[in-house]
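# An overview of the molecular structure
Chain by chain, the residues:
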Amino acid sequence: MLFTILFSVTILSILLTVIGSWIGMREISMEPIQTFFYEWPRNFFIAFWVEVLIAQPIARLAMKKLHGSQARKAVNA
């Protein structure tokens, strides 16, 4: 599970560091790539903590409820 979180957060933070800068500047330039190693660590750690503290617990709760509902339907059927 930790590998999945690290992998998804790493890929998303890399892409969004560059693409998000282009969208924010409303132009495609080399600036986000030139300042990548300055900006990326901050974006990575923000995305990591959002994933660990918000996204994963909500997803686990939703899946627990979904599987519980499916199990009840299977027992009643």
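One can find the structure itself at the top, above this paragraph.
Residues numbered from 1 in each chain as written. Predicted model: local features only at pLDDT ≥ 70, side-chain atom pairs only at ≥ 80, totals over all residues. Heavy atoms only, no water.

Of regular secondary structure, the chain possesses 3 helices and 0 strands. Counted from the first residue to the last, the chain has its helices and strands arranged as α-α-α. Here the chain has a C-alpha radius of gyration of 18 Å; the compact-globule value for 77 residues is 11 Å, and the former is much larger. When its C-alpha atoms are laid out on the principal axes, the chain stretches across 60 × 25 × 15 Å. (Helix = DSSP H or I, 4+ residues; strand = E, 2+ residues; numbered from the N terminus. Rg over C-alpha atoms; globule rule 2.2 N^0.38 Å.)

So, about helix α1 (residues 2-25). The terminal C-alpha atoms of α1, which comprises 24 residues, lie 33 Å apart, in line with the 34 Å expected from a rise of 1.5 Å per residue. At leucine 16, α1 is bent by approximately 30°, the largest bend along its length. Every buried residue of α1 is listed here: Ile5, Val9, Ser13, Thr17, Val18 and Ser21. Immediately beyond the C-terminal end of α1, within one or two residues, lies arginine 26, with a positive phi of roughly 60°. (Expected span 1.5 Å × (residues − 1). Bend = angle between axes of the 7 residues up to and from the residue. Buried < 20%, exposed > 50% of the residue type's maximum accessible area, 1.4 Å probe, protein only.)

Further remarks concern helix α3 (residues 36-76). Maximum bend of α3: about 45°, positioned at glutamate 51. Listing the buried residues of α3 in full gives Phe36, Phe44, Phe48, Glu51 and Gln56. Turning to α3, the residues buried within the fold contact α1 and α2 (31-34). (Contact = heavy atoms within 4.5 Å.)

Enumeration over the complete set of coordinates arrives at 7 aromatic pairs. When the ring of phenylalanine 3 is compared with that of phenylalanine 7, the centres are 6.1 Å apart and the planes differ by 20°; the resulting orientation is stacked. On the criterion of helical spacing, the pair formed by phenylalanine 3 and phenylalanine 7 is a turn pair, its members being 4 residues apart in helix α1. Given the relative accessible area of 64%, phenylalanine 3 is considered exposed. With a centroid separation of 5.3 Å and 40° between ring planes, the pair formed by tryptophan 40 and phenylalanine 44 is classed as tilted. Linking tryptophan 40 with phenylalanine 44, this pair stays in helix α3, spanning 4 residues, or about one helical turn. We classify tryptophan 40 as partly exposed; its relative accessible area is 21%. A relative accessible area of 11% places phenylalanine 44 in the buried class. (Phe/Tyr/Trp six-rings, centres within 6.5 Å; stacked < 30°, edge-to-face > 60°.)

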